[in-house]
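# Residue-level structure breakdown
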Amino acid sequence: MMQRGVSIFGWVAGGVVGALSGGMVVALWALSATILSGHPTVIPLGAALWSGAIVGLVVGAFRRGRTTPAAVALGVGGLMGFAWWALNSGRPIGLERPDLFWGFFGSLASFALVGHLTRYALRDLDLSQPRRDTVEHLLLRLLRAVGFVFFGTTVTFPFYFMLASSLKSRAEMLLDPTNLSIQFSKGLPELLEGYVEVLYTFNFWRYILNSTFVASVTVVVTLVLGVLGAYAVTRLRFPGKELMSRSILLIYMFPAIVLVVPLYAVFTQLGLRDTLPGLLIVYPATTLPVALYMLRSYFQTLPAELEEAGLIDGCSRIEVIWRITLPLSVPALASVGLYVFMIAWNEFLFAFMFLDTPELFTLSRGMVALNTQEVPRQFLMAGAVIVTVPVMVLFFWFERYLIGGLTAGGVKG
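Criteria and cut-off values
Residues numbered from 1 in each chain as written. Predicted model: local features only at pLDDT ≥ 70, side-chain atom pairs only at ≥ 80, totals over all residues. Heavy atoms only, no water. UniProt positions renumbered as here; feature names shortened; annotations may be inferred. Domains from an automatic or database assignment. Contact = heavy atoms within 4.5 Å. Buried area = accessible area lost by both parts, 1.4 Å probe. 1 Å grid on protein atoms, 1.4 Å probe; cavity = no way out; pocket = protein on both sides within 12 Å on 5 of 7 lines; lining within 4 Å. Points joined across faces, edges and corners; volume = space filled by probe spheres on them. Phe/Tyr/Trp six-rings, centres within 6.5 Å; stacked < 30°, edge-to-face > 60°. Buried < 20%, exposed > 50% of the residue type's maximum accessible area, 1.4 Å probe, protein only. Helix = DSSP H or I, 4+ residues; strand = E, 2+ residues; numbered from the N terminus. Lys NZ or Arg CZ within 6 Å of the ring centre and 35° of its normal. Salt bridge = Lys/Arg side-chain N within 4 Å of Asp/Glu carboxyl O. Expected span 1.5 Å × (residues − 1). Axes fitted to C-alpha atoms, helices over the stretch in contact; angles between N-to-C directions. Parallel < 35°, antiparallel > 145°, perpendicular 65-115°, else oblique. Nonpolar A, V, L, I, M, F, W, Y, C, P; charged D, E, K, R; others polar. Patch = residues over 30% accessible without salt bridge, like charges linked within 9 Å, V, L, I, M, F, W, Y side chains within 5 Å. Areas by Shrake-Rupley, 256 points an atom, 1.4 Å probe, with all protein chains shown as cover. Left-handed = near helix turned anticlockwise from the far one by under 90°.

The name an unreviewed UniProt entry assigns to the protein chain is ABC-type transporter, integral membrane subunit, from the organism Marinithermus hydrothermalis. Its UniProt record gives the protein chain the following Subcellular location (unreviewed entry) comment, quoted word for word: "Cell membrane". Per UniProt, the protein chain carries the Sequence similarities (unreviewed entry) text "Belongs to the binding-protein-dependent transport system permease family."

Pasting the structure below:
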């Protein structure tokens, strides 16, 4: 069954990949058991690396052609998992007592995954002799896997911490704040108690409406002004065009904290402080430069001949923009709109300085009311989830437009 031609290089490659896979999988296994079940665990990193290396050696040795049969990889991993479970008396990863799910099935599944990952990393590689392209391919795959696990963990763990903490009662938070398991047996009303309190007792439903209104109007105003300004800079000729084009991002040279003091004084004199229209002046002013820059770069990629044909057919400039330019710019408009909405939704400094009346608070300004000693921590976490989820949903919904708009605009400009 062992393939002829598998060299020492193949064994070494399998062992290294298996060791890294074992370390990562066992670490994730122990972390998941701690978070989801509340069991204290330890990560036996040395044993995990050696066990993964053994699995990798076998997977690297038993290859057919340029891959290892899936049954071999899963079988070897499963046997190693069973050995782990047996040698640790049914309490692997430092479990306090034998646990069928996290102990037995966790061992089998984790090392079966190690075998599968090793097989997947070594697929289609010629391991008969050490070659430069083979080593480069293998390193790229390992770096990609490590990067994916690292960034995935750093992104998802904070959000899960907020979510799990928001679903706990005050007694559970005081008893063990590091226990991140979710007790679904409590029932939905008790789980969502923090959200009900935040929405109705702390009036977050009003803050949601205020933030939605401010962010939506900011998006509309910024897009209208941004489209007209970017089109003028791209297609029209007028004095000062080059100066305007080069100084679009000049406002970003000034920190927001420098602008907030004079704006505070001016808005107080004009009666715009502690009003939502005041924010609706500041937010478009701060987001418009980036919108202009992104839309100008995108408009430069559109063929001017299409617009000239529209003008020859009798369309006005406004009709050309409405009927030709905007339909071709949907990815850029979506990406700019999403960017502006996220900025306006999450903005805190101007909202904190300008708003004093609780009925006018936006979500970010209202979060300050939850960050006190008198308010339970799970309410603060529930408020953080309420602030975060809408932006996440919008991001995933418009992701394809966001990527398309950013990459297309990066060709020129």
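The rest of the description comes next.
What follows deals with the domain arrangement of the protein chain. Domain assignment breaks the protein chain into domain 1 (8-175) and domain 2 (194-408). On a C-alpha basis, the centres of domain 1 and domain 2 stand 43 Å from each other. In this assembly, 11 residues from domain 1 lie in contact with 12 residues from domain 2. Here domain 1 and domain 2 share an interface that buries about 860 Å² over both sides, 76% of which is from carbon and sulfur atoms.

Here we take up empty space enclosed by the protein. Under the criterion given, the structure shown has one cavity of 30 Å³ or more. In this structure, the largest cavity spans a volume of roughly 30 Å³. Residue lining of the largest cavity: Ser 166, Leu 167, Lys 168, Ser 169, Arg 170, Glu 190, Leu 191, Glu 193, Gly 194, Gln 378 and Phe 379, and that is the complete set.

Turning to the packing of aromatic side chains, a few remarks are in order. This structure, assessed with the given rule, holds 17 aromatic pairs. Measuring from centroid to centroid gives 5.2 Å for Phe 150 and Phe 151, while their planes differ by 80 degrees, and the two rings are edge-to-face. The exposure class assigned to Phe 151 is exposed, which follows from its relative accessible area of 54%. Judged by centre distance (6.5 Å) and plane angle (45 degrees), the rings of Phe 157 and Phe 161 are tilted. In this pair, Phe 157 and Phe 161 both sit in helix 5 (residues 132-166), four residues apart, roughly one turn of the helix. With a relative accessible area of 34%, Phe 157 lands in the partly exposed category. Given the relative accessible area of 32%, Phe 161 is considered partly exposed. Just above the ring of Tyr 120 sits the side chain of Arg 123; from NZ or CZ to the centre is 3.9 Å.

For the coordinates displayed, the defined rule picks out five salt bridges. Between Arg 131 and Asp 133 there is a salt bridge, with the nearest N and O atoms lying 3.3 Å from each other. When its relative accessible area of 32% is taken as the criterion, Asp 133 is described as partly exposed. Between Glu 136 and Arg 132 there is a salt bridge, with the nearest N and O atoms lying 3.1 Å from each other. Here Glu 136 and its partner Arg 132 are both found in helix 5, four residues apart, which amounts to about one turn of the helix.

Glancing now at the layout of surface pockets. As a volume, the largest pocket reaches approximately 350 Å³. In terms of lining residues, the largest pocket is bounded by 16 residues, among which Met 24, Leu 117, Tyr 120, Arg 141 and Ala 145 are the most central. Of all the secondary structure elements, the ones that give two or more residues to the lining of the largest pocket are helix 1 (8-37), helix 4 (100-121) and helix 5. Per-element tally for the lining of the largest pocket: the top contributor is helix 5, with six residues.

Another aspect to go through is helix 15 (residues 330-346). Under the 1.5 Å per step criterion, the end-to-end length of helix 15 is 24 Å for 17 residues, consistent within 8% with the ideal 24 Å. Buried residues of helix 15: Ala 332, Leu 333, Ala 334, Ser 335, Val 336, Gly 337, Leu 338, Val 340, Phe 341, Ala 344 and Trp 345, and no others.

The subject of this paragraph is the packing of helix 14 (residues 317-328) against helix 15. Relative to each other, helix 14 and helix 15 sit at 70 degrees, their axes nearing to 5 Å. Here helix 14 is positioned roughly perpendicular relative to helix 15, judged by the angle of their axes. In this structure, helix 14 contributes Leu 326, Pro 327 and Leu 328 to the contact, and helix 15 contributes Val 330, Pro 331 and Leu 333. For the contact of helix 14 with helix 15, the class distribution of residues is six nonpolar, no polar and no charged.

This next bit is on the environment of Val 227. Mapping Val 227 onto the fold places it in helix 9 (residues 204-235). The exposure class of Val 227 is buried, given its relative accessible area of 8%. With 130 residues separating them along the chain, Val 227 and Arg 97 place their C-alpha atoms 64 Å apart.

This brings us to a nonpolar patch on the surface. Taken together, the side chains of Leu 188, Leu 192, Val 196, Tyr 200, Trp 205 and Leu 209 present a nonpolar region at the surface, about 620 Å² in accessible area. At the level of secondary structure, the elements contributing two or more residues to the nonpolar patch comprise helix 8 (193-201) and helix 9. Secondary-structure assignment places Leu 192 in the loop between helix 7 (188-191) and helix 8. Given the relative accessible area of 32%, Leu 192 is considered partly exposed.

It is worth spelling out the packing of helix 9 against helix 15 at this point. Relative to each other, helix 9 and helix 15 sit at 140 degrees, their axes nearing to 9 Å. Considered as vectors, helix 9 and helix 15 are oriented oblique to each other. For the crossing formed where helix 9 meets helix 15, the hand is right-handed. Here Ile 208, Ser 211, Thr 212, Ala 215, Ser 216, Thr 218, Val 219, Thr 222, Leu 223 and Val 227 of helix 9 come into contact with helix 15, specifically with Leu 333, Val 336, Gly 337, Val 340, Phe 341, Ala 344 and Trp 345.

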